[in-house]
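If you want the building blocks of each chain, they are given just below.
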Amino acid sequence: MNEEDFFGLEREQKIRKSGVRSIYTPHQPIHSIKLFFGREALVKRLIEQINTPGQHALLYGDRGVGKSSLANVTAHLLLKNLIKGKLYTKRCDSQDSFETILAEPLKEVGIDLRVASETKSHKEGGSAGVQIPVIATGSITSYNENTFRLRSPGHRLSPSYAAEALKDLEGLIVIDESDAIRTAGDKRRLSEFIKLLSDGDCKLKVLMVGIAQTAEDLMEAHQSVQRCLKETKLERMSDNELRLIIEGGANKLKLLFQPDVVDAIIRMSWGYPHFTHLLALKCAEDAIAEGRQEITHANLQVAVRRAVEDAEETLRRTYADATRSSGTDMYRQILCGAASIEKEEFTAKELRNAVSKITQRKVQQTELNNYFQRLVSEKGATILKRITKGVYRFNDPRIPSFIRIANHQVWASASKPTEQ
Ligand SMILES: Nc1ncnc2c1ncn2[C@@H]1O[C@H](COP(=O)(O)OP(=O)(O)O)[C@@H](O)[C@H]1O
Ligand SMILES: [Mg+2]
């Protein structure tokens, strides 16, 4: 070992050579069908919808359930087998508008939707760039950059102008992270555009993807577009599908996760493929670095600690803020109880029973109430949300999985959550 190996370079070299970080990818959606597991029926359904004239598709669900991966694989299969033309993928952020979403396909038909930057000076000093879209059809010299006006068809891109311009284009537009589109006006124009594409029997297809509890949350003017925009809500993955992710990756890497390790990873992930990838990755990295093939329960215990450190900062902070206390362990125990209930919404009684199991003594409601002020609110930043009187859920649906991982001693070795 050379002196630079204080920095873990040898380990990183082995990990790099193995390709493990391209197989277990907790921080990236799947792009290759070879690494995509389960969900065959959903892929089939989306393909059927998008391959039907006049129909487009909307895919929504919680963060981290696998929406982008499903959209990527579906788009890839459609383009390879059924749809002519190009794939236009747009990942939206809060700066995107109807214009920027359609900029690329419009460019394809010769409409250059350029974004001019206007710099506004502020009294306090400094300047802020404000981006305003400008349509320039025809020659570049024919638009005046300083007016920031749309030459055609008026001041903003209208849905009918866009649909008309794109009516002969073939291809698929995937609009991912569409929950980030901020204004209702942009969402409404998008709905109207999809409806116009559908009415005009255009070959251009749209797959909208976003985080939402209901389709209405994602689409303005939802009623009018409903007929042509087929909705799919993506739920968590089943235990069997998570098993396929772990074992499929292990086969490629020639590693062997012992059966109880696979079960523990599935239990901790609780339907979220992100956590399955994260835990499997940490286990596999250690095995590769140490030249082992097998991953045992003891190896998992070590890997889990690194998984907690590597988890998303918001999850770690939410959990740390909720449980921080010098005097009592009850906040943590209450959350462990809540995370052990295998339901998205649970009653006060279910919570009491779950916490009693964790603490191994009977816990009364009056005792729980002492801690609720920090943990529960109707809306806002607490870890738990009160839905109606005596009914609760976690604000961020990924938190129960994180709690299971952070308290891995409870979940890693036993199927029933009892503190050891
Ligand atoms: N069908 C699948 N097979 C294997 N891994 C998946 C699958 N779906 C999602 N994943 C993994 O789960 C994590 C979250 O997926 P992603 O598609 O980014 O979710 P979302 O878009 O809903 O936030 C990523 O690590 C991704 O690699
Ligand atoms: Mg996504």
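Remember, predicted model here, so these are calculated numbers, not experimental data. (Residues numbered from 1 in each chain as written. Chains lettered and ligands numbered in written order. Predicted model: local features only at pLDDT ≥ 70, side-chain atom pairs only at ≥ 80, totals over all residues.)

Peer 1: Go over the overall build of the chain with me, naming the residues and quoting the values.
Peer 2: Secondary structure summary: the chain contains 18 helices and 13 strands in total. Across the 420 residues of the chain, 39% fall into the buried class. Contacts in the chain between residues at least 24 apart in sequence constitute 71% of all its contacts with a sequence separation of at least 6. (Helix = DSSP H or I, 4+ residues; strand = E, 2+ residues; numbered from the N terminus. Buried ≥ 20, exposed ≤ 12 C-beta atoms within 10 Å, placed from the backbone. Contact = placed C-beta atoms within 7 Å.)

Peer 1: Explain the packing of helix H13 (residues 313-323) against helix H17 (residues 399-406) residue by residue, including any values.
Peer 2: Direction vectors running N to C along H13 and H17 enclose 75°, while the axes themselves pass 10 Å from each other. Of the possible angle classes, the one that applies to H13 and H17 is roughly perpendicular. The residues of H17 that touch H13, namely those facing Leu315, Thr318 and Tyr319, are Ile399, Phe402, Ile403 and Ala406. In terms of residue class, the contact of H13 with H17 is built from six nonpolar, one polar and no charged. (Axes fitted to C-alpha atoms, helices over the stretch in contact; angles between N-to-C directions. Parallel < 35°, antiparallel > 145°, perpendicular 65-115°, else oblique. Nonpolar A, V, L, I, M, F, W, Y, C, P; charged D, E, K, R; others polar.)

Peer 1: Requested: an account of unusual backbone geometry, with residues and values cited.
Peer 2: Non-glycine residue Asp201 carries a positive phi angle of around 50°. Judged by the 9 C-beta atoms lying within 10 Å of it, Asp201 falls in the exposed class. The phi angle at Trp270 is positive, at roughly 45°, despite the residue not being glycine. You can see Trp270 is positioned in the loop between helix H10 (259-269) and helix H11 (273-290). Look at Trp270 and you get buried, because 24 C-beta atoms sit within 10 Å.

Peer 1: Tell me about the packing of helix H14 (residues 330-340) against H17, and please be specific about residues and values.
Peer 2: Packed helices, taken two at a time, are described by their axes: the angle between them and the distance between them. At a minimum axis separation of 9 Å, H14 and H17 run at an interaxial angle of 120°. Viewed along their axes, H14 and H17 adopt a mutual orientation that is oblique. Considering only the axes of H14 and H17, their crossing is left-handed. Seen from H14, the contacting residues are Leu335, Cys336 and Ala339; seen from H17, they are Pro400, Ile403 and Arg404. In terms of residue class, the contact of H14 with H17 is made up of five nonpolar, no polar and one charged. (Left-handed = near helix turned anticlockwise from the far one by under 90°.)

Peer 1: Can you lay out the sheet that holds strand S12 (residues 384-388) for me, pointing to particular residues and giving the numbers?
Peer 2: Ordered in space as S10-S13-S12-S11, the four strands form an open sheet in which the pairing is mixed. Single-partner strands in this sheet number two, and they are strand S10 (345-347) and strand S11 (376-377). In this sheet, S12 lies alongside S11 in parallel orientation, the contact comprising two bridges. Residue Ser377 lies in a different strand from S12, and its bridge partner there is Lys385. The strands that helix H15 (residues 348-359) touches are S10 and strand S13 (391-394); relative to S10, the one it contacts most, it runs at about 85°. (Pairing = 2+ DSSP bridges.)

Peer 1: Quick one: what's the story with the nonpolar core, residue by residue and with numbers?
Peer 2: In terms of nonpolar packing, the biggest core is built from 107 residues, with Leu58, Leu59, Leu207, Ile265, Leu279, Cys283 and Ala284 touching the most fellow members. Each residue touching Ala284, except ones within four places of it in the same chain, is listed here: Val20, Tyr24, Leu253 and Leu255. (Core = buried A, V, L, I, M, F, W, Y, C linked by C-beta atoms within 7 Å.)

Peer 1: Requested: an account of the site of ligand 1, with residues and values cited.
Peer 2: Inspection of the region around ligand 1 gives 21 residues, with Gly66, Lys67, Ser68, Ser69 and Pro273 positioned closest. Here the residues of the shell around ligand 1 are counted per class, giving nine nonpolar, nine polar and three charged. Here the shell around ligand 1 gathers at least three residues from each of two domains, domain 1 (3-24 + 238-310) and domain 2 (39-119 + 127-234). (Near = placed C-beta within 6 Å. Domains from an automatic or database assignment.)

Peer 1: Please set out helix H6 (residues 184-199) residue by residue, giving values where relevant.
Peer 2: Residues separated by three or four positions in an α-helix point in the same direction, a consequence of the helix having 3.6 residues per turn. The terminal C-alpha atoms of H6 lie 22 Å apart, and with 16 residues this matches the ideal 22 Å at 1.5 Å per residue to within 8%. Within the span of H6, buried status applies to Asp186, Arg189, Leu190, Ser191, Glu192, Phe193, Ile194, Lys195, Leu196, Leu197 and Ser198. Remark: Asp201 follows H6 within two positions and exhibits a positive phi of approximately 50°. (Expected span 1.5 Å × (residues − 1).)

Peer 1: Which residues make up the sheet that holds strand S2 (residues 86-91), and what values do they have?
Peer 2: Within the open sheet, the five strands sit side by side as S2-S5-S6-S1-S7. Their pairing is parallel. Either end of the sheet is taken by a strand with one partner, and the two such strands are S2 and strand S7 (229-234). Direction aside, the axes of adjacent strands within the sheet are offset by 15° on average. In terms of strand pairing, S2 meets strand S5 (residues 171-176) through six bridges, oriented parallel. Across the sheet, the residue bridging to Lys90 is Ile175, located in S5.

Peer 1: An account of the environment of Ala103 is needed here, citing residue identities and associated values.
Peer 2: Looking at the element boundaries, Ala103 is found in helix H4 (residues 98-108). Separated by 15 residues in sequence, Ala103 and Tyr88 have C-alpha atoms that sit 9.9 Å apart.

Peer 1: Explain the environment of Glu247 to me, using residue names and the numbers behind them.
Peer 2: Structurally, Glu247 can be placed in helix H9 (residues 239-253). You can call Glu247 partly exposed: it has 16 C-beta atoms within 10 Å. When the C-alpha atoms of Glu247 and Ala280 are compared, they prove to be 9.4 Å apart, with 33 residues separating the residues in sequence.

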